Amino acid sequence: MKVLVIGSGGREHAMAWNLAQSANVETVWAAPGNGGTATEAKCKNTPASLGDPSALAVTEAGQDVLIGFVQREGIALTVVGPELPLAEGIVDRFRAEGLAIVGPGKEAARLEASKVFSKSFMRKYGVRAAGSENFTNPAEALSYAKKYFDGKQAPLVIKADGLAAGKGVVIAADLAEAESCLSSFMKDGSLGAAGSSVVLEEFLEGKEVSVLAAVSVQPGGKGVIKPFVSARDHKRRFDGGQGPNTGGMGSIAPVPDFTPIAQKDFETAILRPTLRGMEAEGMDYRGFIFFGLMVKDDRCSLLEYNVRLGDPETQAVLPLADFDFAGLCSAILDGTLAAFPLNWKPGAVCAPVAVADGYPGSYRKGDPITLNEAALAKTGARIFIAGARLDEAAAVPVLRSSGGRVLAASAWGADADQAWTKAYEALGALSFAGMAYRKDIGRE
Ligand code: AMP
Ligand code: GLY
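Summarised in this report is the structure supplied together with it. (Residues numbered from 1 in each chain as written. Chains lettered and ligands numbered in written order. Predicted model: local features only at pLDDT ≥ 70, side-chain atom pairs only at ≥ 80, totals over all residues. Heavy atoms only, no water.)

Section: the layout of surface pockets
Next up, step 1: Considering only enclosed or pocket space, the second largest pocket measures out at about 340 Å³ in volume.
Next up, step 2: For the lining of the second largest pocket, the secondary structure elements donating two or more residues are helix H2 (35-39), helix H13 (373-379), strand E19 (382-385) and strand E21 (398-401).
Next up, step 3: Of the residues assigned to the lining of the second largest pocket, the class counts are 11 nonpolar, 3 polar and 3 charged. (1 Å grid on protein atoms, 1.4 Å probe; cavity = no way out; pocket = protein on both sides within 12 Å on 5 of 7 lines; lining within 4 Å. Points joined across faces, edges and corners; volume = space filled by probe spheres on them. Helix = DSSP H or I, 4+ residues; strand = E, 2+ residues; numbered from the N terminus. Nonpolar A, V, L, I, M, F, W, Y, C, P; charged D, E, K, R; others polar.)

Laid out in structure tokens, this is it:
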């Protein structure tokens, strides 16, 4: 069959690569894709003639273009990478045309697209999470913040309700910071409508763990959520967790400190109540979910749901998949997920991300990426492209950096240390002007 992956990042390259491994998959289209999906075996990017790539999938007109493309090409299955098309209802529109697509519908996508909705859902169904309250009135939010800092030394977490491309969560150390953030979100409209409501949440200590999972819940039926191996993102730009937040500087899977006791606690306190809540709300949720956890002393609290796979977690998790990803997608859609054998390879993956000089501020672009194929082959690592395009106008087609996060080197090892060593050997086999990366992925 032919499949379509929607998105243009490293997660989408990893999904496209994994889908292409399936004997049942003949072609993987990526819309709009990147330089990685342009060059991966069996994969192709949608043609430029489809129009503005940034509008595809996220506007109704763009979704119509994709629907036409899927129908013309006879694509049997579509998988959505990022949250925005899901929040903009792409799944409902594809299904209305009778097309098979993996992802939650617009209603269920509010678990990520609205923090107010998702925190209310957690409270209603007893999902263990940080204590919080929702506010639409700036004066009331400020008076809550004043009371909070009266009684506590800990920071206050301020979350804008809507999608804000990673800019919607502020950890305010004191009242002055909280006041300026509330005023910027709620009064000045710095995030547009996304910031007009906020969630104020207690600060939790611990280590973060990401659990990605497959979900198959349909109205009136009994649902299933099957978790993947655990993963960890490393959000700060510099080693030791220092510096500004980024889209993710690298990931590992599985997480050595996510113990069997913590996993059991996650299933009881978070996964099961989430599933019960989805069933009780009558959601049609056939896709992936991401549980962002804070774990301390083997006790898990939920920080957030994302209604998709994580980036860059997917680049570390999918190379451990010992199952057919296209088969998993079909099982999610046809209600046979419970019986699907979700097996994982032994060992570990480390996937550090190489970024462009200056990132996450303004950064260099357009630099050619050179690759020592023989040295890379020795490591067995796979390069997942995030922000690079294939320059076909060059005398010899070349990948050129086009984004802040350029690529991840995803290496398997018998254990975490071996994976780490191979991943960094793989990065050593690559270069582009201004290439930078953290050295402590998996060791923070
Ligand atoms: P979220 O989008 O809700 O996951 O928040 C983004 C990031 O902010 C998380 O990955 C955490 O690093 C941090 N964060 C969010 N909520 C909390 C909290 N209640 N306590 C501590 N850190 C948090
Ligand atoms: N790695 C966090 C995310 O995908 O949002």
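Remarks on the environment of Val295
Next up, step 1: Residue position: Val295 is located in strand E15 (residues 285-296).
Next up, step 2: Sequence separation of Val295 and Val209 is 86 residues, and the distance between their C-alpha atoms is 7.1 Å.

Looking at the site of ligand 2
Next up, step 1: Neighbouring residues of ligand 2: Asp233, Lys235, Phe290, Asn306, Arg308, Gly310, Asp311 and Glu313.
Next up, step 2: Within the side chain of Asn306, an N or O atom sits 3.4 Å from an oxygen atom of ligand 2.
Next up, step 3: In this structure, Glu313 approaches ligand 2 through a side-chain N or O atom, which is 2.7 Å from a nitrogen atom.
Next up, step 4: Summarising the interface, the protein chains cover 87% of the accessible area of ligand 2, which totals 190 Å² for the free molecule. (Near = heavy atom within 4 Å. Polar contact = N/O pair within 3.5 Å; in protein donor to acceptor, adjacent residues only side chain to side chain. Areas by Shrake-Rupley, 256 points an atom, 1.4 Å probe, with all protein chains shown as cover.)

Observations regarding the pairing of strand E5 (residues 101-104)
Next up, step 1: Direction of pairing for strand E4 (residues 77-80) relative to E5: parallel, over a ladder of 2 bridges. Its bridge partner being in E5, Thr78 is matched across the sheet by Ile101.
Next up, step 2: The pairing of E5 with E15 spans 2 bridges and is antiparallel. Its bridge partner being in E15, Pro104 is matched across the sheet by Tyr285. (Pairing = 2+ DSSP bridges.)

So, the packing of helix H6 (residues 106-113) against helix H7 (residues 115-124)
Next up, step 1: Packing of H6 against H7 brings their axes to within 6 Å, and their N-to-C directions diverge by 95 degrees. Of the possible angle classes, the one that applies to H6 and H7 is roughly perpendicular. Facing H6, whose interface residues are Arg110, Leu111 and Ala113, H7 presents Lys115, Phe117, Ser118 and Phe121.
Next up, step 2: When its residues are assigned to classes, the contact of H6 with H7 shows 4 nonpolar, 1 polar and 2 charged. (Axes fitted to C-alpha atoms, helices over the stretch in contact; angles between N-to-C directions. Parallel < 35°, antiparallel > 145°, perpendicular 65-115°, else oblique. Contact = heavy atoms within 4.5 Å.)

Digging into unusual backbone geometry
Next up, step 1: Backbone torsion omega between Ala31 and Pro32 reads -5 degrees, so that peptide bond is classified as cis.
Next up, step 2: Of note, Pro32 is situated in strand E2 (residues 27-32).
Next up, step 3: For Lys42, which is not glycine, the phi torsion reads 70 degrees and is therefore positive.
Next up, step 4: Looking at the secondary structure, you find Lys42 in the loop between H2 and strand E3 (43-45).
Next up, step 5: With a phi close to 50 degrees, Asp297 is a non-glycine residue in the positive phi region.
Next up, step 6: Looking at the element boundaries, Asp297 is found in the loop between E15 and strand E16 (299-306).
Next up, step 7: Asp297 gets classed as exposed once you look at its relative accessible area, which sits at 71%. (Buried < 20%, exposed > 50% of the residue type's maximum accessible area, 1.4 Å probe, protein only.)

Observations regarding the site of ligand 1
Next up, step 1: Within the structure, ligand 1 sits among 14 residues, and Lys159, Glu201, Leu204, Glu208 and Glu304 are positioned closest to it.
Next up, step 2: Separating an oxygen atom of ligand 1 from a side-chain N or O atom of Glu208 is a distance of 2.4 Å.
Next up, step 3: Its residues placed into classes, the shell around ligand 1 shows 8 nonpolar, no polar and 6 charged.

With respect to the state of the cysteines
Next up, step 1: By the definition in use, this model includes 0 disulfides.
Next up, step 2: With no disulfide partner, Cys329 has as its closest neighbouring cysteine sulfur the one in Cys43, 14 Å distant. (Disulfide = S-S within 2.5 Å.)

Structural notes on the packing of aromatic side chains
Next up, step 1: For the structure on display, the rule yields 17 aromatic pairs.
Next up, step 2: Each ring, one from Tyr359 and one from Tyr363, has its centre 6.2 Å from the other, and the planes form 65 degrees; the classification is edge-to-face.
Next up, step 3: Assessed through its relative accessible area of 30%, Tyr363 is described here as partly exposed.
Next up, step 4: Arranged with centres 5.9 Å apart and planes meeting at 40 degrees, the rings of Tyr424 and Tyr437 form a pair that is tilted. (Phe/Tyr/Trp six-rings, centres within 6.5 Å; stacked < 30°, edge-to-face > 60°.)

Describing the side chain of Gln315
Next up, step 1: Here Gln315 lies in helix H11 (residues 313-317).
Next up, step 2: We classify Gln315 as buried; its relative accessible area is 3%.
Next up, step 3: In this view, Gln315 contacts Gly10, Arg11, Ala14, Gly310, Val349, Ala351, Phe384 and Ser410; residues no more than four positions away in its chain are not counted.

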